[in-house]
Structures are given as C-alpha cells and as structure tokens.
Amino acid sequence: LKRFPLIDVQGVPLMSTIAANWKSISEFSPDPSDLLIATYPKAGTTWTQEIVDLLLHNGDAEMCKRAPTTVRIPFLEIVSPPPIPSGLDLLKQMKPPRVIKTHLPIQLVPKGFWENKCKVIYVARNAKDNAVSYFHFDRMNLTQPEPGPWDGYVDKFMKGQLGWGSWYDHVKGYWKERKERNILYIFYEDMKENPHKEIERIMRYMDLSVPDDVIERIVQLTSFNVMKDNPMANYSYMPKPVFDQSISVFMRKGEVGDWVNHFTPAQSQVFDEDYAKQMKDVNIPFRFSI
Ligand code: A3P
C-alpha cells in the first residue's frame, strides 16, 4: 500500500484519492433530513457520531455494535483502498435520514447541505491536542502522508500543509457561519468536562427528546473506556494495510492537555505566537486544559 500524496483542491490539500473523485463528491446531493457531522481530523468525530447514533436509537447499546462506525455513518469524501467501500458508495445504498461525516472545510462542503438546510454539528478541539492526535494518526494510517518527525509536523500544522488543510481556517470557517447556517458548534473539551450537558445540547439540536436516564446511559456508552473496547468504534475492523494499530491505536488517549507531553516549551512558545496571529480575527473560546 502506498501513502497517498496531497493534491490541491481549491486551495486545500486533500488526499489524491479525494481529489481524483472531487466532481462526484462536490455534487453529492443530500436529503433535507440528512445530518452532517463536520470536524477537522482528530477533533472527536467518532465520539460525536456514537452519541448521535445512540440518541437516534434511544440509547440502545446494541445499535452501536451493529456495524463499523464507517459503515453506519459514512465519510462523505473518503475513498479507501478496496475492499473498503467509499463514502459515496455507502451513501448511495442508504435511505435518508442519514448521518454523514466530513472533514471538509466549510467552503468545500457540497452546496446541497446548505440549500436543503441540513442540520450540521461541528466539533472543534484545541489546536495543540488536535495536532498531537493527528500526528499519531498519520503515523498509523498508512494511506495518509508520512508525518515525519514531530518538530517538522508542528510546522506543517501551523502552515496548513496537512490533509484537509489549515486547522485555523477550518475552525474559523464554521465559527463565522454558525448562526447564519444554524450549525451546532461544540467543543471536545466541553464534552470531556460535562458529557451529559453536551449530549443534551446535541439532542435538542436534533429535535429529539430523550429521557434523562437514557442520556446518562449514552454518557457511559460513549465514555472513552467503553468506546475503546467497542470493536465497532475502535477501528479494529480496519485491515492492517490501512490502519496499523501496532504503531499507534485509534483510541489513543482521549484526554485534554496531552499536548504538554509533546510540545517542548520552545515549540509551545512559537506555536502560541503564531496562534495569536492566525486567530486574531475571531474569539473562539478554546481551552487547552480543563
Ligand atoms: P487522541 O489521539 O488524543 O487520543 P476522530 O474521531 O475525530 O478521529 O478523533 C480521534 C480522537 O478522539 C482521538 O484522540 C481519540 O482517542 C479521541 N476519542 C475517541 N473517542 C473518545 C471518547 N469517547 N472520549 C474522549 N476522546 C475520544
């Protein structure tokens, strides 16, 4: 298996397989009942999808065990090596209402999602933990470009040279449009601190009404330790040539503040100075610890 190179699509570096299929991806036409979960890679996509899936099935634990996460909730743009089906192929076989995942920045999300006023949940994670998580993911996901050493990786993160582009543009793009486009914008750190409260927010946004004890069950079922052992959520079903979890496991740590174990004080300072510049036009309440 070859790691796919990144190709520029409208100014955003995307894996070559996505670039090659860009026309059909961008023309995907959702149903108004479809719900989109949008994230920068490693911000808490899988966690959020399990919450959404359980909310839709009233906390029935069997529902989150019935199929791999990528089959239950396809990734719109991801084209995996065969025999793993691509997101678009899976979506064609499913009837709305569907839950769909994407890492695309807001300007690349197919127009149909906005025209049809689909519900969109955006999950954001603080830049430093997000970079650390992405680094370990790029080591073990053998279809993504080689991460190289950590020091250079931080530099690429700051310059937006990783798959799906700049974290800064990504979180800002959805933030600026959240009110106008009725996007639910949630934070990984808030989910860690008070999962019950964030699950309730998601429930209300989805126009669902789930009893309190079921919410509490969903909190348990989507805790890091339970999801880590759920073979349908921990990506253990992914064939080894794609994810080599002997290098780094998908459910790696699931913590806020792990960045302190990776950034040297000097790297952290450079990062903070650059962060202040790149984020000066917005005031998104990111937390680097809880
Ligand atoms: P770490 O690498 O920091 O452990 P995504 O699903 O967007 O790819 O994000 C994966 C990250 O979310 C990983 O972060 C993973 O461990 C973490 N994660 C997954 N499920 C989680 C959960 N239930 N609680 C906390 N973190 C979780």
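Throughout this description, residue numbers start from 1 for each chain and increase along the sequence as written. The predicted nature of this model means local features are confined to residues of pLDDT at least 70 and side-chain atom pairs, given and counted, to a pLDDT of 80 or more, with totals for whole chains, interfaces and linings taken over all residues. Working from all heavy atoms in the structure, the side-chain values ignore hydrogens and water.

Peer 1: Let's hear about the nonpolar core: which residues, and what values?
Peer 2: Judged by nonpolar contacts, the single largest core of 95 residues is most densely connected at Leu55, Trp167, Tyr185 and Phe286. Helix numbers and strand numbers start at the N terminus; a helix is a DSSP run of H or I with at least 4 residues, a strand a run of E with at least 2. Among the elements that take part in this core, helix H7 (residues 127–140) stands out by supplying 7 residues, more than any other. Among all residues touching Trp167, those that are not within four sequence positions of it are Tyr40, Arg125, Asn126, Ala127, Asn130, Phe157, Tyr275, Met279 and Phe286. In this text, buried Ala, Val, Leu, Ile, Met, Phe, Trp, Tyr and Cys residues form a nonpolar core when linked through side-chain atoms within 4.5 Å. Note on classification: 1.4 Å probe, protein chains only; a residue is buried when its accessible area is under 20% of the maximum for its type, exposed when over 50%, partly exposed between these limits. Any two residues whose heavy atoms approach within 4.5 Å are treated as being in contact.

Peer 1: Quick one: what's the story with the packing of aromatic side chains, residue by residue and with numbers?
Peer 2: In this analysis, rings of Phe, Tyr and Trp, with Trp reduced to its six-membered ring, are considered paired at centre separations within 6.5 Å, and the interplanar angle assigns stacked below 30 degrees, edge-to-face beyond 60, and tilted for intermediate values. Tallying each qualifying case throughout the model produces 32 aromatic pairs. Taking the centre distance of 5.7 Å and the plane angle of 90 degrees together, the rings of Tyr40 and Tyr134 count as edge-to-face. In this pair, Tyr40 sits in the loop between strand S3 (35–39) and helix H3 (45–56) while Tyr134 sits in helix H7, placing the two residues 94 residues apart along the sequence. Charges are assigned to positions over rings by a cutoff of 6 Å between ring centre and Lys NZ or Arg CZ, combined with an angular limit of 35 degrees from the ring normal. The ring of Tyr188 carries Arg125 above its face, with NZ or CZ at 3.9 Å from the centroid. Over the face of the ring belonging to Trp175 we find Arg178, whose NZ or CZ atom lies 3.6 Å from the ring centre.

Peer 1: How would you sum up the site of the ligand? Please name residues and give values.
Peer 2: Put simply, a residue is near a molecule or strand once any heavy atom of it comes within 4 Å of that molecule or strand. Around the ligand, a shell composed of 18 residues is seen, among which Thr45, Thr46, Ser133, Tyr188 and Lys253 lie nearest. A distance of 2.7 Å separates an oxygen atom of the ligand from a polar atom in the backbone of Gly254. Note on areas: Shrake-Rupley with a 1.4 Å probe; residue coverage comes only from the protein chains shown. For the ligand, whose accessible area on its own is 570 Å², the fraction buried by protein is 98%. Elements represented by at least two residues in the shell around the ligand include exactly H3 and helix H13 (224–228). The element contributing the most residues to the shell around the ligand is H3, with 3 residues. Each residue gets one of three labels, nonpolar for Ala, Val, Leu, Ile, Met, Phe, Trp, Tyr, Cys and Pro, charged for Asp, Glu, Lys and Arg, and polar for the others, Gly among them. In terms of residue class, the shell around the ligand is made up of 7 nonpolar, 7 polar and 4 charged. Two N or O atoms form a polar contact when they lie within 3.5 Å of each other; inside protein one atom must be a possible hydrogen donor and the other a possible acceptor, and for residues adjacent in sequence the pair counts only when both atoms belong to side chains.

Peer 1: Give a description of the environment of Gly163 that names residues and reports values.
Peer 2: Summarising the element assignment, Gly163 is placed in the loop between helix H8 (150–159) and helix H9 (167–177). Residue classification places Gly163 among the buried positions, given a relative accessible area of 6%. In the structure, Gly163 is positioned 35 residues away from Glu198 in sequence and 28 Å away in space, judged by C-alpha atoms. When near neighbours in sequence (up to four residues on either side) are disregarded, Gly163 contacts Leu6, Pro13, Tyr40, Pro41 and Tyr134.

Peer 1: For the sheet that holds strand S6 (residues 183–187), give the residues involved together with the corresponding values.
Peer 2: Sheet architecture is open: 4 strands sit in the order S4-S3-S5-S6, paired in parallel fashion. The open sheet has two edge strands with one neighbour each: strand S4 (99–102) and S6. Each strand axis lies, on average, 20 degrees off the axis of its neighbour in the sheet, ignoring direction. In this sheet, strand S5 (residues 119–124) lies alongside S3 in parallel orientation, the contact comprising 5 bridges. Opposite Ala38, over in S5, you have Tyr122 as the bridge partner. As a rule, the C-alpha atoms of each element are fitted with a line to give its axis, helices using only the stretch in contact, and angles between N-to-C directions run from 0 to 180 degrees. Against the sheet, H3 engages S3, S4, S5 and S6, with an angle of about 160 degrees to S3. Here H9 sits on the sheet and contacts S3, S4, S5 and S6; the angle it forms with S6, its principal contact strand, is near 135 degrees. Each pair of strands is called paired provided DSSP finds at least two bridges between the two strands.

Peer 1: Account for helix H14 (residues 265–278), with residues named and values stated.
Peer 2: Given 3.6 residues per turn, any residue in an α-helix points the same way as the ones three and four places further on. In this model, H14 (14 residues) spans 20 Å end to end at C-alpha, consistent with the 20 Å of a helix rising 1.5 Å per residue. Looking only at H14, the buried set comprises Gln267, Ser268, Phe271 and Tyr275. Taken around the axis of H14, the buried residues stretch over an arc of 95 degrees, which confines them to a single face. Structural note: H14 exposes Pro265, Ala266 and Lys277 on the side pointing more than 90 degrees away from its buried face. By definition here, a helix of n residues has an expected span of 1.5 Å times n minus one. Directions are taken from the helix axis to each C-beta atom, and the arc is the one they span.

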